[in-house]
Amino acid sequence: MPIHKLFFDSLNLEHFLEKEVSGDSMANYMRSFYNPRNYSFAWFDEEGLTVQAQGFWTAHNMVVKQASGSSIYGQLHQVIDTLLSDSSLIIDKKQLEETKLRFTKHFFNYLQFAYGGKIVPQKVQWHIPRRKLKPVAILDSFLNNEKGDWKPLNKPYYLHQQQLFRYKDIKRSGRWGTITTTSTIKPGSKDNLLIAIKKRLQSTGIYSAGDTTDFHNNELLIAVKEVESSFGLKADGKIDSNLIRQFT
């Protein structure tokens, strides 16, 4: 367990909350976090940023940058990024205290931003119980991890997150394109639209064959059935307007 040798006055926390925190929830999170630890620093020690601070920041940067233009990206990012890139940089005591409190506030905001959920599962018929976030407990647990590995949720969550980033990269690169159809393309038939469909499925990794002809071959049949099953459709390998709408 890391030993923290830096402490601050509890009044400084109250001044910070009055100046930079709106809403009781955030204020309660920060008080509940700092009070039991006797107002010791969480993200800095005598040598600078802790292993935990560096581990969290590196992992969270990927998510924040993927959500370009997000309000969660602010001045704190510039300060921490600078500290990470220049270990010789020294900031004064006042800035250090403000930075460490902003870091904690940012941590709690990030939990809600990245893991709070923006979709109500029941509305899209996902019968999956949503795990209730416990921000203070998550932060305490993470800081007790000497390796600084930031993985608060289970492996399937991060696998889904990686796929989301992949689709966003595809969209940004312009490889997505537009596909429309009013007919049905059956296995074994030919259609010029199949060229675009194969390229689309190749970009997502579902269709691994190198063939991009206009023929609905066996490899495409397997890929289309996989897509149909993922959307809860009948897996018959037929490509129609309903299927196109699902993955456009």
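Since this is a predicted model, take the numbers as computed values, not measurements.

Student: Explain the overall build of the chain residue by residue, including any values.
Tutor: The number of helices and strands found in the chain is 10 helices and two strands. Starting at the N terminus, the α and β elements of the chain follow one another as α-α-β-β-α-α-α-α-α-α-α-α. Counting across all 248 residues of the chain, residues that qualify as buried make up 38%. Restricting the contact set of the chain to residue pairs at least 6 apart, pairs at least 24 apart contribute 60%. When the accessible surface of the chain is summed, it comes to about 15100 Å², and 51% of that surface belongs to carbon and sulfur atoms.

Student: Help me get a handle on the nonpolar core, residues and values and all.
Tutor: With 40 residues, the main nonpolar core has Met30, Tyr34, Trp43, Phe107 and Phe108 as its most contacted residues. Every element with two or more residues in this core is listed here: α1 (10-20), α2 (24-34), α3 (51-66), α4 (75-85), α5 (93-115) and α6 (135-143). Contacts of Trp43, omitting those with residues within four sequence positions, involve Gly48, Leu49, Thr50, Gln52, Ala53, Lys100, Phe103, Thr104, Phe107, Leu139, Phe142 and Leu143. The next biggest cluster of nonpolar side chains, apart from the first, holds 15 residues, and it includes Ile185, Tyr207, Ala209 and Val224.

Student: Provide a residue-level description of the packing of aromatic side chains, including the pertinent values.
Tutor: Here the structure, examined in full by the defined rule, presents 16 aromatic pairs. With 4.8 Å between their ring centres and 70° between their planes, Phe33 and Tyr34 make a pair best called edge-to-face. Tyr34 carries the same exposure label as Phe33, and that label is buried. Within the aromatic cluster, the residues linked to one another by ring pairs are Tyr29, Trp43, Phe56, Trp57, Phe103, Phe107, Phe108, Tyr110 and Phe142. Over the ring of Phe8 we find Lys100; its NZ or CZ atom is 3.6 Å from the centre of that ring. Its guanidinium or amino end placed over the ring of Phe41, Lys100 lies 4.8 Å from that ring's centre, counting from NZ or CZ.

Student: So what's going on with α6? Which residues, and what values?
Tutor: If you check which residues of α6 are buried, you get Pro135, Val136, Ile138, Leu139, Phe142 and Leu143. Seen end-on, α6 carries its buried residues on one side only, within an arc spanning 160°.

Student: Give a description of the pattern of salt bridges that names residues and reports values.
Tutor: Inspection of the entire model under this criterion finds five salt bridges. Here Glu20 and Arg102 are joined by a salt bridge, their closest N and O atoms 2.7 Å apart. On the criterion of sequence distance, the pair formed by Glu20 in helix α1 and Arg102 in helix α5 is long-range, its members being 82 residues apart. For Asp211, the salt bridge goes to Lys198, with nearest N and O atoms at 2.4 Å. One end of the pair, Asp211, is in the loop between α8 (193-204) and α9 (218-230); the other, Lys198, is in helix α8, and 13 residues separate them in sequence. Relative accessible area serves as the criterion here: at 23%, Asp211 is assigned to the partly exposed category. Shared partners join several salt bridges into a network, and the residues in it are Lys19, Glu20, Glu98 and Arg102.

Student: Explain the side chain of Glu228 residue by residue, including any values.
Tutor: Tracing the chain through its elements places Glu228 in helix α9. No salt bridge is formed by the buried Glu228. Its closest oppositely charged neighbour is Lys225, at 7.1 Å. In this structure the side chain of Glu228 is engaged in a polar contact, spanning 3.0 Å, whose partner is the backbone nitrogen of Asp236. The contacts of Glu228, once residues within four sequence positions are left out, are Leu233, Lys234, Ala235, Asp236, Gly237, Lys238 and Leu243.

Student: Run through the confidence of the model for the chain, naming residues and quoting values.
Tutor: Model confidence for the chain is summarised by a mean pLDDT of 79, while 75% of its residues fall at 70 or above. In the predicted structure, residues 119-129 sits below a pLDDT of 50 and forms six contacts with residues beyond four places in sequence or in another chain.

Student: Describe α8, naming the residues involved and giving the relevant values.
Tutor: Compared with the 16 Å implied by 1.5 Å per residue over 12 residues, the 17 Å span of α8 between its first and last C-alpha is a close match. Every buried residue belonging to α8 is among Leu193, Leu194, Ile197, Lys198, Arg200, Leu201, Ser203 and Thr204, and all of these are buried.

Student: Outline unusual backbone geometry, listing residues and values.
Tutor: Despite not being glycine, Asn38 has its phi angle at roughly 55°, a positive value. The phi angle at Tyr39 is positive, at roughly 60°, despite the residue not being glycine. Looking at where Tyr39 falls in the secondary structure, it is placed in the loop between α2 and β1 (44-45).

Parameters at a glance
- Residues numbered from 1 in each chain as written.
- Predicted model: local features only at pLDDT ≥ 70, side-chain atom pairs only at ≥ 80, totals over all residues.
- Heavy atoms only, no water.
- Helix = DSSP H or I, 4+ residues; strand = E, 2+ residues; numbered from the N terminus.
- Buried < 20%, exposed > 50% of the residue type's maximum accessible area, 1.4 Å probe, protein only.
- Contact = heavy atoms within 4.5 Å.
- Areas by Shrake-Rupley, 256 points an atom, 1.4 Å probe, with all protein chains shown as cover.
- Core = buried A, V, L, I, M, F, W, Y, C linked by side-chain atoms within 4.5 Å.
- Phe/Tyr/Trp six-rings, centres within 6.5 Å; stacked < 30°, edge-to-face > 60°.
- Lys NZ or Arg CZ within 6 Å of the ring centre and 35° of its normal.
- Arc of directions from axis to C-beta.
- Salt bridge = Lys/Arg side-chain N within 4 Å of Asp/Glu carboxyl O.
- Lys, Arg positive; Asp, Glu negative; His and termini not counted.
- Polar contact = N/O pair within 3.5 Å; in protein donor to acceptor, adjacent residues only side chain to side chain.
- pLDDT = per-residue confidence, 0-100.
- Expected span 1.5 Å × (residues − 1).

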